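# Tertiary structure, described
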Amino acid sequence: KQCETQRVIVGQKRLEWQKRITEDYENYTSALSRGFQSNPQNSVLLSAQLGKYWEATGKLNEAAHWLPIAINHASLVPLKTQNTLHLKQLSLLNMQGNYQKMEKQKAITLKLCQQLKDPRFEAEYCNLVGLAETDQRNYKSANHILEKGLMLAQKAQDSNLKSYLLLNLGHLASYQAKI
């Protein structure tokens, strides 16, 4: 069963999307459990799609369980999907405050982003790394990374990602003003 997580969903549609996945969530996790044994490629694809759901609903334990398994089978899927998995893993490590593991993940993810030559993925990478730098109070580095991400989001013509980056730059400016 496919889920609608590839595009950004906001407002009421996002709530409806989350509700539909939540109602069928047992089936998704059951499919993952069985699928990594019988059809790992489909399970990797499902994990990549559920990554946005796990992030949106705060199911960090689920993400921490399934993403590494999916990443171990990532060679079965296209580079774009591999990159999505690694970006979700990077996001998870950032949300957990696990900056030590994040350093290794950053190198892997950046390499995949650069191989894709898609500014949208690089912009998302910059957003995640910029957030981590902000959390660690590396404000100068965070500003540089988020500005680069903003340029990439503009190049990709991704207005949602551009909005996130602008929001994060605004938060960063307010943190800097407090010191």
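This text gives an overview of the structure that appears in the document. Just so it is clear, the structure is predicted and the values come from calculations on it, not from any experiment.

### Here we look at the overall build of the chain
A count of helical and extended segments in the chain gives 9 helices and 0 strands. For the chain, the succession of helices and strands along the chain, N to C, is α-α-α-α-α-α-α-α-α. Put simply, the chain has 179 residues, and 43% of those count as buried. When the accessible surface of the chain is split by element, carbon and sulfur atoms take 50% of a total near 10100 Å². Placing the 23 positive and 15 negative side-chain charges of the chain at their respective mean positions leaves the two points 3 Å apart.

### Considerations on the packing of aromatic side chains
We describe a pair of aromatic rings using the distance from one ring centre to the other and the angle between the two ring planes. Under the defined criterion, the tally for this structure stands at 4 aromatic pairs. With centroids separated by 6.2 Å and ring planes inclined at 80°, the aromatic side chains of Trp 17 and Tyr 53 adopt a geometry described as edge-to-face. Of this pair, Trp 17 sits in helix H1 (residues 11-23) while Tyr 53 sits in helix H3 (residues 40-57), placing them 36 residues apart in sequence. Judged on exposure class, the residue Trp 17 and its partner Tyr 53 are both buried. A centroid spacing of 5.9 Å and a plane angle of 15° characterise the contact between Phe 36 and Trp 66, whose relative ring orientation is stacked.

### Description of the packing of helix H7 (residues 119-135) against helix H8 (residues 139-156)
Their axes nearest at 8 Å, the elements H7 and H8 cross at an angle of 160°. Comparing the axis directions of H7 and H8 gives the class roughly antiparallel. The way H7 lies across H8 gives a crossing that is left-handed. Of H8, the residues touching H7 (which contributes Pro 119, Arg 120, Glu 122, Ala 123, Cys 126, Asn 127, Val 129, Gly 130, Leu 131, Glu 133 and Thr 134) are Tyr 139, Ser 141, Ala 142, Ile 145, Leu 146, Lys 148, Gly 149, Leu 152, Ala 153, Lys 155 and Ala 156. Here the residues of the contact of H7 with H8 sort into 12 nonpolar, 5 polar and 5 charged.

### What to know about the nonpolar core
Residues Leu 87, Leu 90, Ala 123, Tyr 125 and Leu 165 are the most contacted members of the largest nonpolar core, which totals 23 residues. Put simply, the parts of the chain that give this core at least two residues each are helix H5 (79-96), helix H6 (99-116), H7, H8 and helix H9 (159-178). Excluding anything up to four places from it in sequence, Leu 87 contacts Thr 109, Cys 113, Phe 121, Glu 124, Tyr 125 and Leu 128. Core analysis: the next-biggest nonpolar cluster, separate from the first, contains 20 residues, Trp 17, Tyr 25, Tyr 28 and Ala 70 among them.

### Topic: the packing of helix H2 (residues 25-38) against helix H4 (residues 60-72)
A packed helix pair is summarised by two numbers, namely the angle formed by the two axes and the spacing between the axes. Interhelical geometry of H2 versus H4 gives an angle of 35° and a closest axis separation of 12 Å. When the axes of H2 and H4 are compared, the crossing they make is left-handed. Judged by residue contacts, Tyr 25, Thr 29, Leu 32, Ser 33 and Phe 36 of H2 engage Glu 62, Trp 66, Ile 69 and Ala 70 from H4. A class-by-class count of the residues in the contact of H2 with H4 yields 6 nonpolar, 2 polar and 1 charged.

### Digging into the side chain of Gln 18
Note on placement: Gln 18 falls in helix H1. In this structure Gln 18 touches Tyr 53, Ala 56 and Thr 57, once residues within four positions along its chain are discounted.

### Considerations on unusual backbone geometry
Its identity as a non-glycine residue notwithstanding, Lys 117 has a phi of 55°, on the positive side. The phi dihedral of Gln 157 falls on the positive side, at around 55°, and the residue is not glycine.

Definitions and cut-offs
- In this numbering scheme, every chain counts its residues from 1 along its sequence in written order.
- Restriction of local features to residues with pLDDT of at least 70 applies here, the model being predicted, together with a cutoff of 80 or more for giving and counting side-chain atom pairs; totals for whole chains, interfaces and linings are based on all residues.
- Working from all heavy atoms in the structure, the side-chain values ignore hydrogens and water.
- The helix and strand labels rest on DSSP assignments: H or I over at least four residues marks a helix, E over at least two residues marks a strand, and numbering proceeds from the N terminus.
- Relative accessibility thresholds used throughout: buried, under 20% of the residue-type maximum; exposed, over 50%; partly exposed, between the two (1.4 Å probe, protein chains only).
- For the area figures, the Shrake-Rupley method with a 1.4 Å probe applies, and any residue is considered shielded solely by the protein chains shown.
- Two residue types count as positive, namely Lys and Arg, and two as negative, namely Asp and Glu; His and chain ends fall outside the count.
- For this purpose, a charge sits on NZ of Lys, CZ of Arg, CG of Asp or CD of Glu.
- To pair, rings of Phe, Tyr and Trp, with the six-membered ring standing in for Trp, must have centres within 6.5 Å; the planes then decide the type, stacked if under 30 degrees apart, edge-to-face if over 60, and tilted in the middle.
- Convention adopted: a line fitted to C-alpha atoms gives each axis, helices being fitted over their contacting stretch, and angles between N-to-C directions are expressed from 0 to 180 degrees.
- In this scheme, roughly parallel covers angles under 35 degrees and roughly antiparallel covers those over 145, while 65 to 115 is roughly perpendicular and the rest are oblique.
- Left-handed is the label given to a crossing in which the near helix is rotated counterclockwise from the far helix by less than a right angle, and right-handed is the label when the rotation is clockwise.
- Throughout, a residue-residue contact means that at least one pair of heavy atoms, one from each residue, lies within 4.5 Å.
- Classification used: nonpolar for Ala, Val, Leu, Ile, Met, Phe, Trp, Tyr, Cys and Pro, charged for Asp, Glu, Lys and Arg, polar for all others including Gly.
- In this description, a nonpolar core means a group of buried Ala, Val, Leu, Ile, Met, Phe, Trp, Tyr and Cys residues linked to one another through side-chain atoms lying within 4.5 Å.

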